[in-house]
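# Structural description and commentary
Each chain, letter by letter, is given below.
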Amino acid sequence: MTFSKRLRRLQPWCSKCGSVNDLTVDHIIPVVHRPDLEFDVSNCDVLCRSCNGRKDALTRGDTPPDARPHPSAKAQKLLHLQMIVNKDAGDAS
Ligand SMILES: [Zn+2]
């Protein structure tokens, strides 16, 4: 199973609007800036295609990645996901 499929199986809904259709994995810090975080769950969010497109339009270019806020509830959720994905990673390799 690919990394993005696994994430979408763990969270089969959009983080922003709750839609379950057309889900994509969004990178909070764009992979162009941090290619090493491409498969880091803490840098990923599940968004539907329309929310992902909207976010790209809003954040393109300007805000430095580490200036963005990290809400603690979300951080906790991501930590939890990270644990599950790491535990689950054994069968992939
Ligand atoms: Zn959405």
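The model shown is predicted, which means the values in this text are computed figures rather than measured ones. (Residues numbered from 1 in each chain as written. Predicted model: local features only at pLDDT ≥ 70, side-chain atom pairs only at ≥ 80, totals over all residues. Heavy atoms only, no water.)

## A word on the coordination of the zinc ion
The cut-off we apply is this: Only nitrogen, oxygen and sulfur atoms count as donors, using a 2.8 Å cut-off from the metal that widens to 3.2 Å for Na, K and Ca. Water is left out, so coordination shells may look unfilled. Key to geometry: four donors with every angle between 85 and 135 degrees are tetrahedral; four donors are square planar and six octahedral where opposite donors lie over 155 degrees apart and all remaining angles lie between 65 and 115; all other sites are irregular. Going along the chain from the N terminus, every DSSP run of H or I of four or more residues is numbered as a helix, and every run of E of two or more is numbered as a strand. Only protein chains enter the accessibility calculation, which uses a 1.4 Å probe; a residue is then buried when its area is under 20% of its type maximum, exposed when over 50%, and partly exposed in between.
Within the protein, the atoms that donate to the zinc ion are Cys14 (SG), Cys17 (SG), Cys48 (SG) and Cys51 (SG), at distances of 2.3 to 2.4 Å. Coordination geometry of the zinc ion: the four donor atoms subtend angles of 104 to 117° at the metal centre, consistent with an arrangement described as tetrahedral. The sequence pattern describing where the donors of the zinc ion fall on their chain is C-x2-C-x30-C-x2-C. Placement of Cys14 in the loop between helix H1 (3-10) and strand S1 (23-27) and of Cys51 in helix H2 (residues 49-59) is noted, with a sequence separation of 37 residues between them. In terms of burial, Cys14 and Cys51 fall into one category: buried.

## A look at the nonpolar core
Note on soluble globular proteins: their nonpolar side chains tend to be buried together. Spelled out, the test is: Only buried Ala, Val, Leu, Ile, Met, Phe, Trp, Tyr and Cys residues count toward a nonpolar core, and they belong to the same one when joined by side-chain atoms within 4.5 Å. The contact criterion used throughout is that any non-hydrogen atoms of two residues lie within 4.5 Å.
Within the largest apolar cluster, eight residues are counted, these being Phe3, Leu7, Val25, Val41, Cys44, Leu78, Leu81 and Val85. The set of elements that each furnish at least two residues to this core consists of H1 and helix H3 (72-88). With near-sequence residues (within four places) excluded, Leu7 lies in contact with Val25, Val41, Cys44 and Val46. Formed by six residues, the second largest nonpolar core is a distinct cluster that contains Cys14, Leu23, Val46 and Leu47.

## Points about the packing of aromatic side chains
The cut-off we apply is this: Planes of paired rings set the category: under 30 degrees apart is stacked, over 60 is edge-to-face and the rest tilted, where pairs are Phe, Tyr or Trp rings (Trp by its six-membered ring) whose centres lie within 6.5 Å.
Enumeration according to the criterion identifies one aromatic pair in this entry. When the centroid spacing of 5.4 Å and the interplanar angle of 85° are considered together, the rings of Phe3 and Phe39 count as edge-to-face. Here Phe3 is found in helix H1, whereas its partner Phe39 is found in the loop between S1 and strand S2 (44-48), with 36 residues between them in sequence. Using a relative accessible area of 15% as the deciding quantity, one classes Phe3 as buried.

## Some remarks on the confidence of the model for the protein
Atomic detail in the predicted coordinates should be set aside for any region of low pLDDT. We apply this condition: The quantity called pLDDT is the predictor's confidence in a given residue, expressed from 0 to 100.
For the protein, the mean per-residue pLDDT works out to 82, and 78% of the residues sit at or above 70. Within the protein, no element has a lower average pLDDT than H3, which sits at 76, and none a higher one than S2, at 95.

## Observations regarding unusual backbone geometry
Its identity as a non-glycine residue notwithstanding, Asp22 has a phi of 60°, on the positive side. Examined against the element boundaries, Asp22 turns out to sit in the loop between H1 and S1.

## Some remarks on the environment of His27
For clarity, the cut-off: Polar contacts, as used here, are pairs of N or O atoms within 3.5 Å; protein pairs need one atom able to donate a hydrogen and one able to accept it. Residues neighboring in sequence count only if both atoms are side-chain atoms.
Of note, His27 is situated in strand S1. Each C-alpha atom, one on His27 and one on Glu38, is 7.3 Å from the other, the two residues being eleven residues apart in sequence. Once you skip the residues sitting within four places of it in the chain, His27 turns out to touch Leu37, Glu38, Asn43, Cys44 and Lys55. At 2.8 Å, the side chain of His27 forms a polar contact with the backbone oxygen of Glu38.

## Considering the pairing of S1
Heads up, the rule is: Following DSSP output, two strands are said to pair if at least two bridges run between them.
Of all five residues that make up S1, five are buried, and the element is covered over most of its length. Burial along S1 is two-sided: the residues Leu23, Val25 and His27 and Thr24 and Asp26 are all buried. In this sheet, S2 lies alongside S1 in antiparallel orientation, the contact comprising five bridges. From the neighbouring strand, Thr24 faces S2, where its bridge partner is Leu47.

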